[in-house]
Amino acid sequence: MDDRFNTIAGWVLFAGIVALGGSIVAGEAYRSERPEKMGYPIAGVVTEGAATAAEQPIEVYLAKADPAAGQQVFNKCMACHNADKGGANQLGPNLWGVLGEPVGQGKGFAFSDALGKKGGTWAWDNLSEWLTSPRAFAPGTKMTFAGLGNPQDRANVIAFLNQHSDAPKPLPASPEVAGAKPGAGPNNGPQKAENVPVLTEQQTGTNKKNIGGEGAPKVAGPESAKKP
């Protein structure tokens, strides 16, 4: 009886050891760690609380625009455009003197109705909007160019196109510089302190001996006591 009990107990103990060993092995094989970032990113969705740099007015970028850098960017456009004086239209219109021209009109080019109906003339701001996304600026346009997302690239291209004109326009100053108030800075001369009272000569106690005449203030003290 004792031998039978010992045999059963031994098998039970052996089964427990096997089960424990199996769980340890399985745990090592299938061990997973907590990911640094929970969830899966979805393209095009901005995470809540994520900071995005706000784009400034195009004049800020034009104030430091580089036409030579703009020419490098414009090389991407030369499959459809040229900016030569008297140059022929290609898949897109010739862009000589484009600033100040009517939007979607002239040049002997067949502009789309979507662009032709925009109205106005090409200027710094609407040309920047157009270069950002032609399809957003004029839905239905025939232009297939996706656009330039970098505002400094757009400013450089606009500066380049501005030079390709019979009458280039002066690039606008940065709004921060244009809106600065004269005399409001450390390099614009001495500044007047506000709300500082002006002391009279009586209060300062200076120049008592040189005060005289009918308009002179009466000064109390030893000097005034000597006068008859």
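What counts and what doesn't
Residues numbered from 1 in each chain as written. Predicted model: local features only at pLDDT ≥ 70, side-chain atom pairs only at ≥ 80, totals over all residues. Heavy atoms only, no water. Helix = DSSP H or I, 4+ residues; strand = E, 2+ residues; numbered from the N terminus. Contact = heavy atoms within 4.5 Å. Expected span 1.5 Å × (residues − 1). Buried < 20%, exposed > 50% of the residue type's maximum accessible area, 1.4 Å probe, protein only. Salt bridge = Lys/Arg side-chain N within 4 Å of Asp/Glu carboxyl O.

(A) Representation of the side chain of Asn156 within the structure. Inspection of the secondary structure puts Asn156 in helix α7 (residues 151-163). Beyond its immediate stretch of four places on either side in the chain, Asn156 contacts Ala65, Asp66, Pro67, Ala69 and Gly70.

(B) Region of interest: α7. Taking 1.5 Å of rise per residue, the 13 residues of α7 would be expected to cover 18 Å, and the 19 Å separating its terminal C-alpha atoms lies within 8% of that figure. Counted residue by residue, α7 has eleven buried out of 13 residues, so it is predominantly covered. Listed in full, the buried residues belonging to α7 are Pro151, Gln152, Arg154, Ala155, Asn156, Val157, Ile158, Ala159, Phe160, Leu161 and Asn162. On its buried face, α7 is in contact with α2 (58-62), α3 (67-74) and α5 (124-132).

(C) Quick look at the pattern of salt bridges. Tallied over the entire structure, the rule returns three salt bridges. For Glu55, the salt bridge identified is with Arg154, shortest N-O distance 2.4 Å. Within this pair, whereas Glu55 is found in the loop between α1 (2-29) and α2, its partner Arg154 is found in helix α7, the two being separated by 99 residues in sequence. Residue Glu55 is classed as partly exposed on the basis of its relative accessible area of 49%. On the basis of relative accessibility, which here comes to 1%, the residue Arg154 falls in the buried class. With a shortest N-O distance of 3.4 Å, Lys107 and Glu101 are connected by a salt bridge. Here Lys107 falls in the partly exposed class, since its relative accessible area comes to 28%. Overall, Glu101 belongs to the partly exposed group, its relative accessible area being 22%.

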